[in-house]
Every structure is written in C-alpha cells, then in structure tokens.
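Structural features, examined
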Amino acid sequence: MPRLVEPCVATLVDKPPKGPEWAFEVKWDGYRLAIHVGPVEVRAITRGGYDWTKKFGSIVAEARELGHASMIIDGEAVVLDQQGRSDFGLLQRAVGRRPSAHDVSEIIFFAFDLLYLDGRDLRKLPLSERRRLLEPIVAGRTGAIRFSEEVEADGAAFFQVACEHGLEGIVAKRRDKPYRSGRQPEWLKIKCARRDTFVIVGYEPSTVPGGIGRLLLAARKGDDLIYVGGCGTGWSNKESTALRELLNAIPADSPAVALRQKGAVFARPLLVADIEYRAWTQDGKLRHPSFKGVREMQGPAEVYVI
C-alpha cells in the first residue's frame, strides 16, 4: 500500500459541465484528508502530506471498524453548522489549541473516493467503479465517517440550489476517469459567490506608497453601522491609489464603527463598495471578500443589513 498519495485536485471553473459522464457532489469546506487503514496503524494524512492522526481521533477510531485490512479513503473532514452546512471556521476552532465550543468529536469525514482496498490499488479504475466499491463500506453510517452522496440532478440546477442554501459550491467529476494526482480537468469545482454592498469606513495603508492595504467595511444593524471586516483584494495599483485619494478627501473625526485598528485611517461613511464574498465567519466577518467597485452612497437602504 502506498505510504503517501498526492490527492487529485479539482480545477476551478465558472459553471457546471453538461453531460451524463459527469457526477455531482456537494463541495465540502474543510480539510482534505486521506485515511490510510493498515493492519497495524490508521493514519490521517493531509493534502500537504502531514500526519494529523492525533487531530482526528474519532475518525481514526471509526476507520478501524470498517471491516477491511487495508484501505486508502479520500475525503474531507468538516464541522457542520446548525443548518447542516460545512463551516471551515468551526473546523478550525475544533482542531485548534484554543478553548472552543466545538469539540473534535463533532468533526465528520465525508468519504468520496477509494484508492486502495485489501492489497489492490484502485487508482486506474474509473470513478464509477471506485465509488461502487466505496459505497457499501461507508454508506448509511451516521458517525464520524459518512458517504459523500452523488446528487442525481442537472449540474446547473444543482449548483443554483446549492448556492441558495448557502453552500460553498459543488464538485463535478468524470465517472469514466481514473484517479490522477495533482490538479486535473476531470474534477471540477464550481464555487458560489455572494455579492452585496457595504459602507467603507476607512482603510489600512498599503506597504506600497500611496496605496490601500485593506478597506474597512461595515453593514447596517438598526440605526448603527457594524464592522464586518476588511477587504484586501480586487483592485489594481491604479485603483488602489484612487481609492486612497477618495477616502483621504472625506476624513472622519472619529470612527463610524466601534473599532480600534492600529494604523487605520478612518473616513466618513459616504462611500459604498460592491463586495463579492464566499460566506460569513462565526464572529460576523466577511469570508474571502473581493472588491468589485465603489460609488457614492445614495441612501442607507442600499447597505447590507445584518
């Protein structure tokens, strides 16, 4: 059995593919793991090749009970929120060193591929055959190891529903292809992105003279503005300089939000930014925000409401 297998990594595309040769699954937002089950030990190996067995004790313990002498199962370790969606922030807290409301026992491993089974390397088999062998091993389980179900639906329709339910996105895989390490075109990921309008309440200067490092953003909550994090991507050097000049022209005597940020330059809340982002963190901040444009605020109704 291979000691280490570099995982197959999905290629990011804008829209789901079409055709019966494609299988669709939920895109889980967690840590990619390969669970290596051997006659002597069970190991949890990360995408980067690190041994994180001790961090995923409940998954490792359950893997010992799957009834096979040797296996390599490919999948994703996640923590689910109250709506059943994978949440990377919750997972980080569960495996972190700091005290957390989320315990490591809440981590679930969603298995989606089988690379090795009882002395047989399965990587040259098509995905459909590998999944056929994996399903009876993990399907129906409700503990730390579960089966990542294939969704029988049109890709575009499934993607729309996934985004409407706040999922990170979907994955499309060619049923007829073998398992190949590295980033491959036979596995595709299509991510959901949200886009809303937020007030710009200031910025952090860039290390590049005259530019912006991060925009400081706020949303409305009742009559107040609430800080929702910073955005540091999405503009060119020219746009960064222009943004800084705009904000320097409307300085604030005091911050419009309850925020103490060393080195920050605060501006009056007169401009809004169109921001594309993936989700919200547990502490109410934008996750992976990207700047898409700026304009004068026409009225408070156009600002995102918490």
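Going by the structure above, here's the rest.
Residues numbered from 1 in each chain as written. Predicted model: local features only at pLDDT ≥ 70, side-chain atom pairs only at ≥ 80, totals over all residues. Heavy atoms only, no water.

1. A word on the overall build of the chain
What counts is decided by this rule: Elements are defined by DSSP. Helices are runs of H or I of four residues or more, strands are runs of E of two residues or more, and each kind is numbered from the N terminus. Residue burial is assigned from relative accessible area. The probe radius is 1.4 Å, only protein chains are included, and a residue is buried under 20% of its type maximum, exposed over 50%, and partly exposed in between. By the convention used here, residues are in contact when the closest approach between their heavy atoms is within 4.5 Å. Accessible areas in this description were obtained via Shrake-Rupley with a 1.4 Å probe; residue shielding takes into account the shown protein chains only. The convention is simple: Lys and Arg are positive, Asp and Glu are negative, and His and the chain ends are not counted. Every charge is mapped onto a representative atom, which is NZ of Lys, CZ of Arg, CG of Asp or CD of Glu.
Within the chain, the regular secondary structure consists of five helices and 18 strands. Its C-alpha atoms give the chain principal-axis dimensions of about 70 × 45 × 35 Å. The buried share of the chain, reckoned over its 306 residues, is 48%. In the chain, the share of contacts with a sequence separation of at least 24, taken over all contacts with a separation of at least 6, comes to 66%. Only carbon and sulfur atoms are counted for the fraction: they give 50% of the accessible area of the chain, which is about 15,700 Å². For the chain, the distance from the average position of its 45 positive side-chain charges to the average position of its 40 negative side-chain charges is 4 Å.

2. Regarding the pairing of strand 6 (residues 108-117)
Note the cut-off: Here, strands pair whenever DSSP counts at least two bridges between them.
Burial runs high along strand 6: 10 of the 10 residues are buried. Bridge analysis of strand 5 (residues 71-78) against strand 6 gives eight bridges, and the strand direction is antiparallel. Bridging across to strand 6, Met-71 finds its partner in Leu-117. Both strand 6 and strand 8 (residues 145-147) contribute to a ladder of three bridges, which runs parallel. Residue pairing for strand 8: Ala-111 is matched across the bridge by Phe-147. Of the strand pairs in this sheet, strand 6 and strand 7 (residues 120-121) are connected by two bridges, and their pairing is antiparallel. Along strand 7, the bridge assignment pairs Leu-117 with Arg-120. Where strand 6 hands over to strand 7, the hairpin turn is made up of two residues, of which Asp-118 adopts a positive phi near 45°.

3. Notes on helix 4 (residues 155-164)
This is how the line gets drawn: The arc in question is traced by the directions running from the helix axis to the C-beta atoms.
If you check which residues of helix 4 are buried, you get Gly-155, Phe-158, Phe-159 and Ala-162. What you see down the axis of helix 4 is that its buried residues fit within an arc of 100°, all on one side. For helix 4, the secondary structure elements touched by its buried residues are strand 2 (22-26), strand 9 (169-174) and strand 10 (182-191). Downstream of helix 4 by one or two residues, Gly-166 has phi in the positive range, about 75°.

4. Brief notes about the packing of aromatic side chains
In this description, an aromatic ring pair is defined by two values, namely the gap between the centres and the angle between the planes. In plain terms, the rule: Any pair of Phe, Tyr and Trp rings, taking the six-membered ring for Trp, is counted once the centres come within 6.5 Å. Such a pair is stacked with planes under 30 degrees apart, edge-to-face with planes over 60 apart, and tilted for the rest. Here, a charge over a ring is recorded when the distance from Lys NZ or Arg CZ to the ring centre is within 6 Å and its angle to the ring normal is within 35 degrees.
For the structure on display, the rule yields 11 aromatic pairs. For the ring pair Phe-198 and Trp-280, a centre distance of 6.1 Å and an interplane angle of 65° mean the geometry is edge-to-face. Pair noted here: Phe-198 is in strand 11 (residues 194-205) and Trp-280 is in strand 16 (residues 279-280), with a separation of 82 residues, a long-range link. Given a relative accessible area of 0%, Phe-198 falls into the buried group. Seen in terms of ring centroids, Trp-235 and Phe-291 are 5.6 Å apart; in terms of plane orientation they differ by 65°. Their pairing is edge-to-face. With Trp-235 in the loop between strand 13 (224-231) and helix 5 (237-248) and Phe-291 in strand 18 (residues 290-296), the pair connects residues that are 56 residues apart, well separated along the chain. Among the residues examined, Trp-235 registers a relative accessible area of 17% and is labelled buried. Phe-291 gets classed as buried once you look at its relative accessible area, which sits at 5%. Members of the aromatic cluster, joined through ring pairs, are Phe-198, Tyr-277, Trp-280 and Tyr-304. Its guanidinium or amino end placed over the ring of Phe-112, Lys-173 lies 3.9 Å from that ring's centre, counting from NZ or CZ.

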